[in-house]
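# Topology and contacts: notes
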Amino acid sequence: MKTPGRTTAGPPPAPDSGRRGKRVLLAVYRLGLLAAAFFALHFTTVRREAGKDAALDERALAVVKSYLPAAVSLGPPEGDDRVSAVLDARGEPVGWAAQTFPEARPVTGYAGPSNLLVVFDLARRVAGVTLLGSADTSGHVAKVVKDPDFLSQWNGRPQASLGAAGEPRIVSGASLTSEAMARGLAARFGAAGMDQWFPGEVPLETLREWFPGAASLAGTRVLAADGGMLGTLLRSSRMGVSVRGFQGASDVLLALDAEGRKIVGAAMQGSRDNEPYITDVRDSLLYDQPFAGMTVDDALALESGTAVLVSGASRTAESVEETVKEMLRRHFAPPPVEPPLLGPRDGVALAWIAAGLVVGLGPWRGRKRVRTTFAVISVAAGGLWLGLMTGQDQWIKWSMRGSAAGTALPLLALTAAALLIPAAFGKNVYCAHVCPHGAAQQLLGHLRKRRFALPPKLHRALGGLPWLTLGLLWLLAFLGLGFPFADAEPFEVWSTGFVALLPVVIFAGGLIAAVFLPQAYCHYGCPTGAVLKFLASSPGRWTRRDGIAGAVVALAWLAPFWP
Ligand code: SF4
């Protein structure tokens, strides 16, 4: 505040409120940069993953050439339908091509999804369809590929018609695989619900066979017109129960009485198994009523092959018995016990973090004895017992995922404290008091009275190493190169022990160096410390680093357009 009557040589000092405002603005700017970098990496990752699914490779080009001999290259997927142009030697389009992934990925046959390549002529009519890859059972896939009429069934059809699933030709003996391929192709061109093999609701007439007064079905509850509960209807496909019979699973309905103790009846709503087994077993459920009147306990104790008796369709019949038992097991399973929000270990971790903040921000922060005592606590509790440290591995993974959801509360609290306190108070409390690796270096520094200091030039040059490491790690992440980021810092060693070589070398090297050079790793190696130092530096004052960091983050936002 300006003192009245006092003369000053320079400009008058900014009033307190102005200084505070600048400080807040700069803190928001610096944290905003971190958030911007976080989301830049997230969007780049999302875009790259989508591109991986859509881009066609050299193998696809070889296939395309068999239909369009003038093809020389493939353009990137374009337009709303993400179809790639097929280009000739002059770069002129001679046709179009698209693979059925990623839309076909959720559509599984016997064991997995299949990816087809669809090649179109210039008029966007199908010139040919080829299998690019399949995670389904190889015997069934081979049968489909050998069938000359299966993959050629789409030839000549306009692209606009492929989104209608219709009644595709199915390969006998590989019906699930071929049907999944056809469904996947329809899904790729716009058909909805292709991964749902048993769509549709249970008709009211079916319900009334077991509950004549049924008026509606609310979840699994069968209700009368006045809202009274008549019983329970379980449906295997909606419970995720999928027991394979001879060729596939069936959609089984199971009706329980109002008390939920007895089975009223069972039926087959749909099936991916083979005829005539399906019809035989369906008829047996309808006319023999093998489960009707059975108690839940008796049904659960059933021996396989003793309830649904259909000669010649035993595998399908047994799969229905197993399905019924599994449905009952899941329906009557006790609800999972929610683990307590905070266990004792989490409580200790939060107490340690809070104590670190008190020590770092309170009036005792300058006292050597307090500092040393808390360093011992950080090494013992935070490091050796909890193995709790924040670092680039978590930051990069959270950023790629676009969320830190599912992370344990102590780690979230530790990271929040590490980032927010320096920005808000200009004090790097995490590095000064909390980080167990920093604390270990501090304690090791007490082992020798005489410590070295690097010549100023070397100190300045090596001081750039943490920034270099930081830049390199994030560049690798932006480029999508699968580097184990945890290996670039020593923190993982505290929780997992001596597993990977590189972090062990950084861990041991940093601690040994700290005996001779104060906080050697912190000064000359730690990328996480570099970020925290940046947040805490010159509060309220714009520095060259703020400008550089802003430019780097702006560049990161252009990453999706990097070649
Ligand atoms: S610089 Fe790195 S190792 Fe040192 S205290 Fe900070 S986070 Fe821990």
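Residues numbered from 1 in each chain as written. Predicted model: local features only at pLDDT ≥ 70, side-chain atom pairs only at ≥ 80, totals over all residues. Heavy atoms only, no water.

## Comments concerning the sheet that holds strand E7 (residues 221-224)
Put simply, the rule is: Two strands pair if DSSP finds at least two bridges between them. Every helix listed is a DSSP run of H or I at least four residues long, and every strand listed is a run of E at least two residues long, numbered separately from the N terminus. Axis geometry follows a simple rule: fit a line to the C-alpha atoms, using only the stretch in contact for helices, then measure angles between N-to-C directions, giving values from 0 to 180 degrees.
A sheet is described by the order of its strands in space; here five strands give the open sequence E6-E7-E8-E9-E10, paired in antiparallel fashion. The strands lining the two open edges of the sheet, one partner per strand, are strand E6 (214-218) and strand E10 (263-271). Averaged over neighbouring strand pairs, the angle between their axes works out to 25° when direction is ignored. Sheet topology places strand E9 (residues 250-257) next to E10; seven bridges connect them, and they run antiparallel. Within E10, the position partnered with Leu 254 by the bridge is Ala 266.

## Quick word on the site of the ligand
What counts, and what does not: Nearness here has a simple test: a residue counts as near a molecule or strand if at least one of its heavy atoms is within 4 Å of that partner. Each residue gets one label: Ala, Val, Leu, Ile, Met, Phe, Trp, Tyr, Cys and Pro are nonpolar, Asp, Glu, Lys and Arg are charged, and the others, such as Gly, are polar.
Residues in close proximity to the ligand include Tyr 430, Cys 431, Cys 435, Gly 438, Phe 491, Tyr 521, Cys 522, Cys 526 and Gly 529, which together make up its full environment. Contributing elements (two or more residues each) for the shell around the ligand: helix H14 (429-434) and helix H20 (520-524). Residues belonging to the shell around the ligand are distributed by class as follows: seven nonpolar, two polar and no charged.

## Considerations on the domain arrangement of the protein chain
Which entries qualify depends on this criterion: For every domain, the bounds stem from an assignment made automatically or drawn from a database. The contact criterion used is simple: two residues touch if any of their non-hydrogen atoms lie within 4.5 Å. Here the buried area means the combined drop in accessible surface, using a 1.4 Å probe, for two parts upon being joined, counting both sides. Salt bridge, as used here: a side-chain nitrogen of Lys or Arg that lies within 4 Å of a carboxyl oxygen of Asp or Glu. Polar contacts, as used here, are pairs of N or O atoms within 3.5 Å; protein pairs need one atom able to donate a hydrogen and one able to accept it. Residues neighboring in sequence count only if both atoms are side-chain atoms.
Domain boundaries assigned for the protein chain yield domain 1 (58-188), domain 2 (204-332) and domain 3 (344-561). Here the C-alpha centroids of domain 1 and domain 2 sit 38 Å apart. Counting residues at the interface gives seven residues for domain 1, matched by five residues for domain 2. Taken together, the two surfaces of domain 1 and domain 2 that pack against each other cover about 430 Å², and 37% of this comes from carbon and sulfur. Of all residues in domain 1, the largest losses of buried area upon contact with domain 2 belong to Tyr 110, Ser 175 and Leu 176, amounting jointly to 71% of the total for that side. Taken together, the links from domain 1 to domain 2 amount to zero salt bridges. Our count for the contact surface shared by domain 1 and domain 2 stands at zero residue pairs in polar contact (both at pLDDT 80 or more).

## Some remarks on the pairing of strand E5 (residues 126-134)
The pairing of strand E4 (residues 114-120) with E5 spans seven bridges and is antiparallel. Opposite Val 118, over in E5, you have Val 129 as the bridge partner. Adjacent in sequence and paired antiparallel, E4 and E5 are bridged by five residues, among which Arg 124 carries a positive phi angle near 60°.

## A closer look at the sheet that holds strand E1 (residues 73-78)
Pairing within the open sheet is antiparallel, and its five strands lie in the order E1-E2-E3-E4-E5. Of all the strands in the sheet, the pair left with one neighbour each is E1 and E5. Sheet twist, expressed as the average angle between the axes of neighbouring strands with direction ignored, equals 25°. Each of E1, strand E2 (83-87), strand E3 (93-99), E4 and E5 touches helix H2 (residues 58-67); the most contacted strand, E5, lies at about 150° to it. Packing of helix H4 (residues 175-188) onto the sheet brings it into contact with E2, E3, E4 and E5, and relative to E4 it is tilted by some 55°.

## Observations concerning helix H21 (residues 527-536)
Think of an α-helix as 3.6 residues a turn; residues three or four steps apart then line up on the same face. This is how the line gets drawn: Burial classes: relative accessible area under 20% of the type maximum marks a residue as buried, over 50% as exposed, and values in between as partly exposed (1.4 Å probe, protein chains only).
Counting buried positions along H21 gives nine out of 10 residues, so the element sits mostly inside the fold. Three or more residues of H21 are buried, namely Pro 527, Thr 528, Gly 529, Ala 530, Val 531, Leu 532, Phe 534, Leu 535 and Ala 536. One or two residues past the end of H21 sits Ser 538, with phi positive at roughly 35°.

## Considering the nonpolar core
Defined as follows: Nonpolar cores are built from buried Ala, Val, Leu, Ile, Met, Phe, Trp, Tyr and Cys residues. Side-chain atoms within 4.5 Å join them into one set.
With 51 residues, the main nonpolar core has Trp 352, Leu 388, Tyr 430 and Trp 474 as its most contacted residues. Take this core: its biggest share by element is six residues, from helix H13 (residues 409-425). Counting residues in each nonpolar core, the second largest holds 25 residues, with Ile 263, Val 296, Ala 299 and Leu 302 among its members.

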